[in-house]
Every structure is written in C-alpha cells, then in structure tokens.
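Working through the structure, step by step
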Amino acid sequence: MKFRPCIDIHDGKVKQIVGGSLTEAEVKENFASDKGAAFYAELYKRDHLFGGHVIMLNKVGSEEYEKSKKEALNALRTYPGGLQIGGGLNEDNGHEYLEAGARGLIFTSYVFQEGRIRYDRLEKLVKNYGREQIVLDLSCRRKGDSYYIVTDRWQQYTEEKVSASLLKKLAGYCQEYLVHGVDVEGTGVGMEANLVAELAKYHGNPITYAGGLASFEEIERFRELSSGRLDFTVGSALDIFGGTLSYEGVKSV
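This report concerns the structure included in the present document. (Residues numbered from 1 in each chain as written. Predicted model: local features only at pLDDT ≥ 70, side-chain atom pairs only at ≥ 80, totals over all residues. Heavy atoms only, no water.)

1. Quick look at the sheet that holds strand β1 (residues 6-10)
- Taking strand neighbours across the sheet as the criterion, the ten strands line up as β3-β2-β1-β4-β5-β6-β9-β13-β14-β15 in an open arrangement whose pairing is mixed. On the outer flanks of this sheet lie β3 (29-32) and β15 (231-233), each paired with one strand and no other. With strand direction ignored, the average angle separating the axes of adjacent strands in the sheet is 30 degrees.
- The sheet contact formed by strand β4 (residues 52-56) and strand β5 (residues 83-86) spans four bridges and is parallel. Paired with Val54 across the two strands is Ile85, which belongs to β5.
- Along the sheet, helix α2 (residues 63-78) contacts β1, β4 and β5; its crossing angle with β4, the most-contacted strand, is approximately 160 degrees. (Pairing = 2+ DSSP bridges. Helix = DSSP H or I, 4+ residues; strand = E, 2+ residues; numbered from the N terminus. Axes fitted to C-alpha atoms, helices over the stretch in contact; angles between N-to-C directions. Contact = heavy atoms within 4.5 Å.)

If you want it as structure tokens, here you go:
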C-alpha cells in the first residue's frame, strides 16, 4: 500500500473540490491554492512520491481548460516521469503530455461512450501509446447496492458496474486503474467501504483509490479492508490543501 499524491486543477488553479459538485452551474470548493501546480510537483519530486495524478477538471475546449492545461504541463515538466495526467485525453492528444514528462495517461470519458465500454477505442489507445502508458479511470457513484462508472466530469452514469470481473476484463488494455468514490470525494466522511472491499477482490494491475479518507485511523482501516493491496490518495484532508491531516505523516504511511 502506497500513498499516491494528487494535483487537481480547475480554472487554471490547484483546487480541492467536492467531487459530485463538478458541473457548470456549481462547483463546491474546499480549497483553492495560491501556489501553482509546479510547486506541488516539486514537493512530490523531493519526497520521491511516484505515480500521483494530475487531473484537469474543466470542460475540454473552454478557455478555462486551456489555463488548466498550461498548469498541468508545468507540473509534468517539473517532475518528469513522476506523474500521471488526465482530463480530456483521447487517442491523438496524449503524446504532448508524454513528451512533457507524463508517467501515464488517464482515460475515462473517451473510453466509456453512450454508457458502454468502447473496446475499439481501447485498442486504438494501446496501439498509439502502449498498454504500459495507459491508466483507466473507473471513478464511480453508487446506485442501489452497486457502483457504476461515471463520465463527463463525474456527472453521467454508464451501464458499467465496477467489479473484480470488470477489472480482470480490462486488464489487458492498461497498466493501472484509478478509482474515485465520487460521492465521498472531497467530503472527509470516510471511504466507500463496500467499493474498497470489491476492489480488493481483484489481484492484478495496481489500483489507486481516492475518496473520503481524512484521518490516520481511516487510512489504517483502509489498509485492513484492502489487505494492503490498494494504493490511496488523500486530497482535501491534507494540510497542504487546507485540511488538518499532516502531509508529512501521510507520505510515510
């Protein structure tokens, strides 16, 4: 089990938001930094924290997205080979980020179209970038007793249920998985325990879980529930993002 750091960028600024609020009409911010993305990249580089993710949260094609992209590229160039990048990536535009130093490319909405997995697109991604460069974002929200992958900045449900069997099915198309428990993302109310337990059933590609972890006690509970097989991200709860949980302590967990 390893701590994977994050840099979320919205409107060209490093922010921590409540995941389910990411719409055009309303974005609930927990924190907006006065420091650029490169500052956090340098911090993670200093502390030898590999495989963290940089996520651009604005709508592709907007002026705000271009501002966020500029910040993201600054982060990648500051820590070449250390960070993954996601937000608006497709079969054509990933090479720019790899050339800037991205460790991996994170895909969500491009792969999940009209509620289903587009295996033809997955094949194109593998052909263009290689399986070892691809991270699939299976971020999800609860519906009934199950968790379904959501796309389009976490607002659109797909028909794809997160399960160990789905992870196994997709394993040949990616190197890693990133899974946000969207309903608890940025809330500090605790992890999606049922989701973590389901992810822990899978034995294969590395998985990073994000969502709701806000105390060392909760992190230890996460370790027990996942049998130490999952990596984790903490965002809003960290003191470097305006929270109370010590970054220095978490990085050493």
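And the narrative resumes.
2. Describing the sheet that holds strand β12 (residues 156-161)
- In space, the three strands of this open sheet follow the order β10-β11-β12, with antiparallel pairing throughout. Two strands close off the open sheet at either side, each with one partner strand: β10 (140-143) and β12. The sheet shows a mean angle of 45 degrees between the axes of neighbouring strands, taken without regard to direction.
- Two elements, β10 and strand β11 (residues 146-151), share four bridges in a ladder whose sense is antiparallel. Paired with Cys140 across the two strands is Ile149, which belongs to β11.

3. Side note on the pairing of β5
- With burial as the criterion, each face of β5 is covered, one bearing Leu83 and Ile85 and the other bearing Gln84 and Gly86.
- Bridging between β5 and strand β6 (residues 104-107) involves three bridges; their strand directions are parallel. Within the sheet, the bridge partner assigned to Gly86 lies in β6 and is Ile106.
- Running through helix α3 (residues 94-100), the crossover from β5 to the neighbouring parallel element β6 is right-handed. (Buried < 20%, exposed > 50% of the residue type's maximum accessible area, 1.4 Å probe, protein only. Right-handed = clockwise from strand over helix to strand, strands pointing away.)

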